[in-house]
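Here's the letter readout for the chains.
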Amino acid sequence: MDTHIGSVDGPALAAANGTVGCPASAPGCPMASTPAQPAATLTAGEASLGRHLARRLVQAGVGDVFAVPGDFNLTLLDHLIAEPGLRLVGCCNELNAGYAADGYARARGVGACAVTFTVGGLSVLNAIAGAYSENLPVICIAGGPNSNDYGTNRILHHTIGLPDFSQELRCFQTVTCHQAVVTNLDDAHEQIDTAIATALRESKPVYLSISCNLPGLPHPTFSRDPVPFFLSPRMSNKMGLEAAVEATVEFLNKAVKPVIVGGPKLRVAKAGKAFVDLVDASGYAYAVMPSAKGLVPETHPHFIGTYWGAVSTAFCAEIVESADAYLFAGPIFNDYSSVGYSFLLKKDKAIIVQPERVIVGNGPAFGCVMMKEFLSELAKRVKKNTTAYENYKRIFVPEGQPLESEPNEPLRVNVLFKHVQKMLTGDSAVIAETGDSWFNCQKLKLPEGCGYEFQMQYGSIGWSVGALLGYAQGANNKRVIACIGDGSFQVTAQDVSTMLRCQQNSIIFLINNGGYTIEVEIHDGPYNVIKNWNYTGLVDAIHNGEGKCWTSKCEEELTAAIETALGEKKDCLCFIEVIAHKDDTSKELLEWGSRVSAANSRPPNPQ
């Protein structure tokens, strides 16, 4: 029996969710017909299916819907535009619309996208799968065929040429937690309400198909203003909660040097504050898994960094892996987060707290125990123990001399991130694309209030462009800094256009090192080299004199470009291309890549 923690996936459990989201408050996008306002009360004549859906989205906390038009969703888009509380943000393709809804859900708690039947639905599918893996409530709305065409044996355009229209639905069944196909008015209100409520309750994407001839039609079920959304919070089984707390207290209080590690499902459980309360009460040293960065404060004195096995921040792994008890709150253990299953952790020393379940060592498991309640109750009863934190302070060696570039020296990536660190404030947020930016951004010390997002479980290159669009639209009070590799940018570059249309002022650092560097460090080959683009020229062409945009290409000196982006061009979308050597990678990527490569290349089990 394998006793290594890193070899076991944490179960994907549903989130406890007592709230439905935030009111729309992001700045207006030029594509929208009206500025965001509260949902309107409608008369019977206006109460159509399309308006019902639009009002429900606003009530759930959606202020922006990321859309690509197609003939099956055009009428529905008319009704979304007509809702005062919604803006329609047109994207260049469905993949980016889905990524934008993902980023928006990270900023606002829920996101939505709207596409057309099959050609649009299958295009957005990859982004929805990513949102599913990251436990994000995204409402994916597809305009479907005319309700009269179902069951007629007709062949429609935008399909694969068969009279069976269920292909799109069957694809979405594997990457959403609920699906609804609305082909009649009688139960449309119930299908819509159930789909949106399920997304919020489960913190997962849902699929909602609306026949193209229905959005404008009234029905008695839409004739009055619907009861406002309210999702009652999930509650723990009291006996189970008490038993779980008692077993955990006994486990931790007998440990000599326990530690706490935060995982990505802290977001799902809305347990960030309860986690910090436990840290305060216990005195334990605490770390975060890489995909939990930004979910708990890094300014707390007992924060020791990112725990990522062999590629952890300095001195963090030594403290975590030498502990005789470790509580993981909301972890996801996979080959990436465990660095090729190489964690030096043991199950018998671990307490695994998932959003609705607690497992204590090799012993009992307690179901129907909500993480937020559990951590809060645990904080009241655990004994203070600062041993692990004192050990960390004892072995910690401060960073050496800051890196400086020599005159005319090619710009190094670690120098870039030294500058990024200086840019961060509580009004910033960081988006890290899959690749070496994962590792470099992990070393950033986030000020209080600074946001941070990346997609680790799914790891889809190109995610960050659409996610930046959506996150910046949802978190309009922050200036977002995105670190994107050239290979990833080539996948989804088009929606820089939409950022300009929405008057966003994000800062994009395009790291041009000639290819897929993260793949090079796992397994190199000619397929990892890409065609070089004139990236600043491309963005200038997309800008085309419309909107506020500023670009800069940096091969040696970066300081002046950053000063311009933060000063004179602070209201512009700033695109800074940083040209780096193809082998300029972080030591963490080199270590991680070799271990993931070893895990990928294990020979077949003889059994």
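About the criteria used
- Residues numbered from 1 in each chain as written.
- Predicted model: local features only at pLDDT ≥ 70, side-chain atom pairs only at ≥ 80, totals over all residues.
- Heavy atoms only, no water.
- UniProt positions renumbered as here; feature names shortened; annotations may be inferred.
- Salt bridge = Lys/Arg side-chain N within 4 Å of Asp/Glu carboxyl O.
- Helix = DSSP H or I, 4+ residues; strand = E, 2+ residues; numbered from the N terminus.
- Buried < 20%, exposed > 50% of the residue type's maximum accessible area, 1.4 Å probe, protein only.
- Pairing = 2+ DSSP bridges.
- Axes fitted to C-alpha atoms, helices over the stretch in contact; angles between N-to-C directions.
- Contact = heavy atoms within 4.5 Å.

In the annotation of an unreviewed UniProt entry, the entry for the chain reads pyruvate decarboxylase, and the organism field reads Urochloa decumbens. Quoted verbatim from the Subunit (unreviewed entry) heading of the UniProt record, the comment on the chain is "Homotetramer."

A. Inspection of the pattern of salt bridges at higher detail. In total, this model carries 21 salt bridges according to the counting rule given. Arg234 serves as the salt-bridge partner of Glu202, at 2.7 Å between the closest nitrogen and oxygen. Here Arg234 lies in the loop between strand 6 (206-211) and helix 7 (238-253) and Glu202 lies in helix 6 (residues 188-202), a separation of 32 residues in the sequence. Among the residues examined, Glu202 registers a relative accessible area of 22% and is labelled partly exposed. Three or more residues are tied together by salt bridges with common partners; here these are Asp102, Arg106, Glu134, Arg267 and Glu453.

B. Broad picture of the sheet that holds strand 3 (residues 111-116). Reading across the sheet, the 6 strands line up as 2-1-3-4-6-5 and stay open at both edges, with parallel pairing between neighbours. Two strands close off the open sheet at either side, each with one partner strand: strand 2 (87-90) and strand 5 (178-182). The sheet shows a mean angle of 20° between the axes of neighbouring strands, direction not considered. Alignment of strand 4 (residues 138-144) against strand 6, held across 6 bridges, turns out to be parallel.

C. Representation of the sheet that holds strand 8 (residues 285-288) within the structure. Spatially, the 7 strands line up as an open sheet ordered 9-8-7-10-11-12-13, and their pairing is mixed. The open sheet is flanked by strand 9 (303-306) and strand 13 (365-367), the only strands paired with a single partner. Taken over all neighbouring pairs, the strand axes of this sheet differ in orientation by 15° on average, direction set aside. As paired elements, strand 8 and strand 9 share 2 bridges and run parallel to each other. Bridge pairing in strand 9 links Val288 to Thr306. Against the sheet, helix 9 (residues 272-282) makes contact with strand 7 (259-262), strand 8 and strand 10 (326-329), and its axis sits at roughly 165° relative to strand 7, the strand it touches most. Here helix 11 (residues 371-381) sits on the sheet in contact with strand 10, strand 11 (350-354) and strand 12 (357-360), set at roughly 145° to strand 10.

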